[in-house]
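Coordinate inspection notes
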Amino acid sequence: MLSAQMDTQEATSAAMLRLMGYRPSKLFEPKSDHERHALGMIAPHFSSEENALSWMSAFEVRGVFTKLYAWAIPSDAALERIASYGPIIEIGAGTGFWSAMLAARGTDVIAFDQAPLPENVPETMCDLLKSEAEADAAINPWHVGQSSKGPVLRGSAAEASLYPKRALMLCWPPYNTNFAYDALVDYAGDTVIYIGEHSGGCCATDEFFSLLCEKFDEVECVAIPQWPGIHDDITIWKRKAAT
């Protein structure tokens, strides 16, 4: 099973490197006992140590991609499926990357984040803007210093309560934080579009996933490109009929 996963992830990591136009000057070099141990664990599952090192290099690239764009990687097929459930409200939009990609395809989408990024990051900021940016960085440390990729309005999880006729989209809600749960509690609509890992993974909380399964039925699962070691996808949920 692990070998099959590694084969898939080896191909995926190579595809992601090509997608980003990334050409590392050198492969990942283990610098600690922990990293050397990790390499020793995964190397037998690759066709060569060089490919294993390439896989670990791709994981380093993920850190760059997630800061600049988003935690999940969209595809044309995935965006088409999400668009079919529009109009959409996204809560916790980060850089607005997914919403911008959907809007570019004509989807009616409104994006909110409690610490939205500026559309353009100036080289110098006045003291007021600098103070606001520093305050937002304390709330949203994942995209510090980056520009938004599309319009993102300032708003909390409570915004979900104002748009019951829109599908609620949540993309990689941060692990062990309550905002995804709070958004789901406030949301009175019928459709949830969840992008990320599932219960036991790196997203949201057990309470969120329990509430999602209690109130909604999964009706569709859409595969997306995955970074090495990451197990995310898109699931579509419809509210259960009242009993």
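So, here's what we can say about the structure. Everything numeric in this text was worked out from a predicted model, so none of it was measured.

**Side note on the overall build of the chain**
- Scanning the chain from N- to C-terminus turns up eight helices and seven strands.
- Every one of the 243 residues in the chain was classed for burial, and the buried ones make up 44%.
- For the chain, restricting intrachain contacts to residue pairs at least 6 apart in sequence, the fraction spanning at least 24 positions comes to 71%.
- For the chain, the exposed surface amounts to about 12,700 Å²; the carbon and sulfur share of it is 54%.

**Considerations on the packing of aromatic side chains**
- Taken as a whole and assessed by the stated rule, the structure comprises six aromatic pairs.
- Residues Trp71 and Trp172 carry aromatic rings whose centres are separated by 5.9 Å and whose planes lie at 20° to one another, so their mutual orientation is stacked. Of the two residues, Trp71 sits in the loop between helix H3 (49–68) and helix H4 (76–83) while Trp172 sits in the loop between strand S4 (167–171) and helix H7 (179–186), which places them 101 residues apart along the sequence.
- Classification of Trp71 as partly exposed rests on a relative accessible area of 25%.
- Ring centres of Tyr194 and Phe209 lie 5.6 Å apart, and the angle between their planes is 85°; this geometry places the pair in the edge-to-face category. With Tyr194 in strand S5 (residues 191–196) and Phe209 in helix H8 (residues 206–215), the pair connects residues that are 15 residues apart, well separated along the chain.

**Considerations on H8**
- If you check which residues of H8 are buried, you get Phe208, Phe209, Leu211 and Leu212. The arc that holds every buried residue of H8, seen down its axis, measures 160°, which confines them to one face.

Conventions we followed
- Residues numbered from 1 in each chain as written.
- Predicted model: local features only at pLDDT ≥ 70, side-chain atom pairs only at ≥ 80, totals over all residues.
- Heavy atoms only, no water.
- Helix = DSSP H or I, 4+ residues; strand = E, 2+ residues; numbered from the N terminus.
- Buried < 20%, exposed > 50% of the residue type's maximum accessible area, 1.4 Å probe, protein only.
- Contact = heavy atoms within 4.5 Å.
- Areas by Shrake-Rupley, 256 points an atom, 1.4 Å probe, with all protein chains shown as cover.
- Phe/Tyr/Trp six-rings, centres within 6.5 Å; stacked < 30°, edge-to-face > 60°.
- Arc of directions from axis to C-beta.

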